[in-house]
Amino acid sequence: MVFVFATGTVMNANSSNEEIITPTTETSEIVEDFGCARDCVDSAMDETFEDAVNNSSLPLIADYMDNYESCYAANC
């Protein structure tokens, strides 16, 4: 009985002449603009680490927040 099942399965798999068509979807590119606040995050982070390296100290979150707030007030 196992032989009959295996033979039938192989015959069914090989007897198909149908073309397999895979569905396609159209893709579109999404460009996200995070705006001025994101630019200030990057700028404040860079400035905070630069100051810490120049002063041979650890970067402080208070310094980061000061840099961010001044950037945001000036540019946004």
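Small disclaimer: the values here were computed from a predicted structure and weren't measured. (Residues numbered from 1 in each chain as written. Predicted model: local features only at pLDDT ≥ 70, side-chain atom pairs only at ≥ 80, totals over all residues. Heavy atoms only, no water.)

## Some points on the packing of helix H2 (residues 35–54) against helix H3 (residues 61–75)
Stated precisely, the cut-off is as follows: Lines are fitted to the C-alpha atoms to define the axes, a helix being fitted only along its stretch in contact, and any angle between axes, read from their N-to-C directions, falls within 0 to 180 degrees. Under the DSSP-based scheme used, a helix requires at least four consecutive residues in state H or I and a strand at least two consecutive residues in state E, with every element numbered from the N terminus. An angle below 35 degrees is read as roughly parallel, one above 145 as roughly antiparallel, one from 65 to 115 as roughly perpendicular, and any other as oblique. It is the rotation of the near helix from the far one that decides the hand of a crossing: anticlockwise by less than a right angle makes it left-handed, clockwise makes it right-handed. By definition in these notes, contact holds between two residues if any of their heavy atoms fall within 4.5 Å. Charged residues are taken to be Asp, Glu, Lys and Arg, nonpolar residues to be Ala, Val, Leu, Ile, Met, Phe, Trp, Tyr, Cys and Pro, and polar residues to be all remaining types, Gly included.
Direction vectors running N to C along H2 and H3 enclose 140°, while the axes themselves pass 8 Å from each other. On the basis of their axis angle, the class for H2 and H3 is oblique. Here H2 and H3 pass one another in a crossing that is right-handed. Between H2 and H3, the residues in contact are Cys36, Ala37, Cys40, Val41, Ser43, Ala44, Met45, Glu47, Thr48 and Asp51 and Asp63, Tyr64, Asn67, Tyr68, Cys71, Tyr72 and Asn75, respectively. Residues belonging to the contact of H2 with H3 are distributed by class as follows: ten nonpolar, four polar and three charged.

## A look at the confidence of the model for the protein chain
Caution applies to low-pLDDT parts of the model: their predicted coordinates are not meant to be read in detail. Put simply, the rule is: Per-residue confidence from the predictor is reported as pLDDT, a score between 0 and 100.
When pLDDT is averaged along the protein chain, the result is 81; 76% of the residues meet or exceed 70. The secondary structure element of the protein chain with the lowest average pLDDT is helix H1 (residues 2–14), at 53, and the one with the highest is H3, at 96.

## Considering H2
Heads up, the rule is: The length a helix should cover is 1.5 Å for every residue beyond the first. Here the term buried applies to any residue with accessible area under 20% of the maximum for its type, exposed to any over 50%, and partly exposed to those in between, with areas from a 1.4 Å probe on protein chains only. This arc corresponds to the set of directions leading from the helix axis out to the C-beta atoms.
Across its 20 residues, H2 extends 29 Å between first and last C-alpha, which sits within 8% of the 28 Å expected from 1.5 Å per residue. Every buried residue of H2 is listed here: Cys40, Ala44, Thr48 and Ala52. Down the axis of H2, the smallest arc covering the buried residues is 90°, so these residues share one side. When the buried face of H2 is taken as reference, the exposed residues oriented beyond 90 degrees from it are Asp39, Asp46, Glu50, Val53 and Asn54. Residues of H2 that are buried in the fold lie against H3.

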